[in-house]
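Summary of structural features
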Amino acid sequence: MADETMPAYRIPSIHSSAQWSRVPVPKPSSGEVLIRMAAAGLCHTDLEIMDKGAQFVPHKDRPYTLGHENVGYVAALGPGVTDAVVGEAVAVNSGMTCGTCEYCLAGQDNYCENPPGFYGLSDDGGLAPYLLARRRDLVSIGDLDPIQAAPLADAGGTAYGAVNAVLPYIRPNGFVVVIGIGGLGSFALQLLRLNTSATVIAVDLADKLSHASGRGAHHTVTSDASAAATIKELTGGHGVDAIIDFVGIDATLRLATDVVRPTGCINLVGTGGGTLPFRFQNPPLGVHVVATASYSMRELQDLVRLAQRGLFTIDVTTYAFQDLEQAYRDLRDGRIVGRAVVTFDGDRPGW
Ligand code: NAD
Ligand code: ZN
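The notes below deal with the structure included here. Only a predicted model underlies this, so the values are computations on that prediction, with no experimental measurement involved.

Thresholds, definitions, all that
- Residues numbered from 1 in each chain as written.
- Chains lettered and ligands numbered in written order.
- Predicted model: local features only at pLDDT ≥ 70, side-chain atom pairs only at ≥ 80, totals over all residues.
- Heavy atoms only, no water.
- Pairing = 2+ DSSP bridges.
- Helix = DSSP H or I, 4+ residues; strand = E, 2+ residues; numbered from the N terminus.
- Axes fitted to C-alpha atoms, helices over the stretch in contact; angles between N-to-C directions.
- Contact = heavy atoms within 4.5 Å.
- Buried < 20%, exposed > 50% of the residue type's maximum accessible area, 1.4 Å probe, protein only.
- Right-handed = clockwise from strand over helix to strand, strands pointing away.
- Polar contact = N/O pair within 3.5 Å; in protein donor to acceptor, adjacent residues only side chain to side chain.
- Donors = N, O, S within 2.8 Å, 3.2 Å for Na, K, Ca; no water.
- Disulfide = S-S within 2.5 Å.
- Near = heavy atom within 4 Å.
- Areas by Shrake-Rupley, 256 points an atom, 1.4 Å probe, with all protein chains shown as cover.
- Salt bridge = Lys/Arg side-chain N within 4 Å of Asp/Glu carboxyl O.

Overall, parallel pairing links the six strands, which are arranged β11-β10-β9-β12-β13-β14 in an open sheet. The open sheet is flanked by β11 (219-222) and β14 (288-290), the only strands paired with a single partner. Sheet twist, expressed as the mean angle between neighbouring strand axes with direction ignored, is 15°. The pairing of strand β12 (residues 240-245) with strand β13 (residues 260-268) spans five bridges and is classified as parallel. Among the inter-strand pairings, Val240 is bridged to a residue of β13, identified as Val260. Across the face of the sheet, helix α5 (residues 183-195) comes into contact with β9 (175-179) and β10 (199-204) while running at roughly 165° to β9. Packed on one face of the sheet, helix α7 (residues 227-234) meets β9, β10, β11 and β12 and runs near 160° to β11.

Below, the structure written as C-alpha cells:
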C-alpha cells in the first residue's frame, strides 16, 4: 500500500457539499491503527452537514472524509499498539475523547471537555476504503456481522444514550413517546421495550408507522395537529413520563411540551433546529429538559454485547460504497427503513 491513493467522499470546506476526491491511504502513527473498512452507516446528520455546514462539532478549517458510523478490520498497527490484532473486526467510537478531563474520568466521555476530534464530523471518517483511528476508540465486535454492527456506532449508541438518560423519569407502567422512527428511533423503541415496562408510543409520518409497530411500539400516532390530543387520550389524560425527540423541529418540540406530564423529561436528540417554548408552567412544572449527545464508551461496549445476544433487530438497507450518493438521496427522500449502510467488498472496493 506504499504511497497509494484511495477514493474518499469528502467535505472540501465548511460551506460546500460533499464530493468524491482521491486521498493518500493513511499510515498509522503511535497509538493508531489502520482499519480496512467493511461497513459504514449513513446518518441524517451527514445531510445536515452537507446542507448547512458543521454546526454541532468544533469545525476544523480543512477538508475531511464523511462517515461517522464505522466498522472494519484492523489492517496495520502503529508503533506502541500491542493489544489489537491484525484482522480483528472493530467498531469505531465516533467521538474521540481526551480520557483525562473530569467528564472522561467520570465515565461521561461523550461530554469530554477537550475532544481531540470526531471521525467523519470534523476529522477523516469511514467513507473511504481505509480509516485511521486511535486504538483507544475501538470496540471489538467479535463475530457480529459488520453490516449489522455499523449502525451501533452512532444510531444504536445514540439511541441507547438517549434512552438511558430518560430512564429515571419513567414510572412503573408509565408512558414514553418516541418521535421519528428512522435510524435512531428504530433502536430507541426496542431499547425502551428491553429496559422498561412503559407503554411506548411512536410518532412519525403515516407511512412509517407500520415499521414502528414492528419494532415494538404499543401505539403509533401520525405526526399532525391532532397528535397531542391522541397521546393525551392514550395516557388517560395524564400525559407521558418521557419524550425522546429524534426530529427536533418547532412542531415536534411543541408536541413534547403539550404531552409531557409534571416531573417528566423531554430529551431532544434531533438536530432539526427547532426551539422549545419555555415559560413558567409550560412545559409543566418539574419537567426536566435535556439534549443528549451520542453515547459513552461504556454504552457502546454494552450495546455491542446486547447485539451479540440478538436482543434487538438492526434494520439496514445496504448499498455498495460506490453508490453512496444514491443512498444519501434515498435517505433524504425518506425511502430508508432503519439505517442505510454502505459496504466495502474485498481489498480494493470501488478503486
Ligand atoms: P432518519 O432520517 O433516519 O429518521 C428520521 C425520522 O423522522 C424518519 O422516520 C422520518 O419519517 C421522521 N420524521 C421526519 N419528520 C417528522 C415529523 N415532522 N414528525 C415525526 N417524524 C418525522 O434520521 P436519523 O439518522 O435517525 O437521525 C435523527 C436525528 O438525530 C437527526 O436530526 C440527526 O441529526 C440526529 N442525531 C443526533 C445525534 C446526537 O448525538 N444528538 C446523533 C446522531 C443523529
Ligand atoms: Zn450520526
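Next, the rest of the story.
Taking burial as the measure, the five residues of strand β16 (residues 339-343) include five buried ones, the bulk of the element. In β16, alternate side chains face the same way, and those of Arg339, Val341 and Thr343 on one face and Ala340 and Val342 on the other are all buried. Sheet analysis places strand β15 (residues 316-320) next to β16, joined by five bridges and oriented parallel. Looking at the pairing, Thr318 lines up with Val341 of β16. With helix α10 (residues 324-332) bridging β15 and its parallel neighbour β16, the resulting β-α-β unit is right-handed.

In this section: the side chain of Arg10. Note on placement: Arg10 falls in strand β1 (residues 5-11). Under the relative-accessibility criterion, Arg10 is labelled buried at 12%. A polar atom in the side chain of Arg10 sits 2.8 Å from the side chain of Thr65. A polar contact is formed between the side chain of Arg10 and the side chain of Asp124, at a distance of 3.1 Å. Once residues within four sequence positions are removed from consideration, Arg10 is found in contact with Ser17, Ala18, Gln19, Ser21, Val23, Pro63, Tyr64, Thr65, Leu66 and Asp124.

Another point: the coordination of the zinc ion (ligand 2). Summarising the metal site, the zinc ion (ligand 2) is bound by the protein donors Cys43 (SG), His68 (NE2) and Asp154 (OD), whose distances to it range over 1.8 to 2.3 Å. Coordination of the zinc ion (ligand 2) draws on donor residues from a single chain, spaced C-x24-H-x85-D in sequence. Taken as a pair, His68 in the loop between β4 (64-65) and β5 (70-77) and Asp154 in the loop between α3 (146-149) and α4 (155-166) lie far apart in primary sequence, 86 residues in all. The burial state of His68 is the same as that of Asp154; both residues are buried.

Quick look at the state of the cysteines now. By the definition in use, this model includes zero disulfides. Cysteine Cys101 is unpaired, with the sulfur of Cys104 as its nearest cysteine sulfur at 3.8 Å. For Cys112, which is in no disulfide, the shortest distance to another cysteine sulfur is to Cys98 and amounts to 3.7 Å.

Around ligand 1 lies a shell of 28 residues, among which Thr45, Asp204, Ser223, Thr271 and Arg339 are the nearest. Here an oxygen atom of ligand 1 sits 2.9 Å away from a polar atom, N or O, in the main chain of Gly183. Between Thr292 and ligand 1, the recorded distance is 3.1 Å, taken from a backbone N or O atom to a nitrogen atom. The fraction of the free accessible surface of ligand 1 (870 Å²) that becomes covered by protein chains is 85%.

As a further point, take the pattern of salt bridges. A complete count under the given rule lists 13 salt bridges for this structure. Between Asp83 and Arg135 there is a salt bridge, and its shortest N-O distance comes to 2.9 Å. A residue pair is termed long-range when its members are at least 10 positions apart, and Asp83 in the loop between β5 and β6 (89-92) and Arg135 in the loop between β7 (130-134) and β8 (138-140) qualify at 52 residues. Classification of Arg135 by relative accessible area gives partly exposed; the value is 23%. When salt bridges that share partners are traced, they join Glu69, Asp154 and Arg339 into one network.

Turning next to unusual backbone geometry. The omega torsion of the bond from Asn282 to Pro283 falls at 5°, within 30 degrees of zero and hence cis. Along the chain, Pro283 turns up in the loop between β13 and β14. Unusually for a residue other than glycine, Asn173 sits at a positive phi of about 60°. Turning to its location among the elements, Asn173 is positioned in the loop between α4 and β9. Its relative accessible area of 61% is what places Asn173 among the exposed residues. Of note, the phi angle at Gln281 is positive, near 70°, even though the residue is not glycine. As for its position among the elements, Gln281 is in the loop between β13 and β14. Residue Gln281 is classed as exposed on the basis of its relative accessible area, which comes to 54%.

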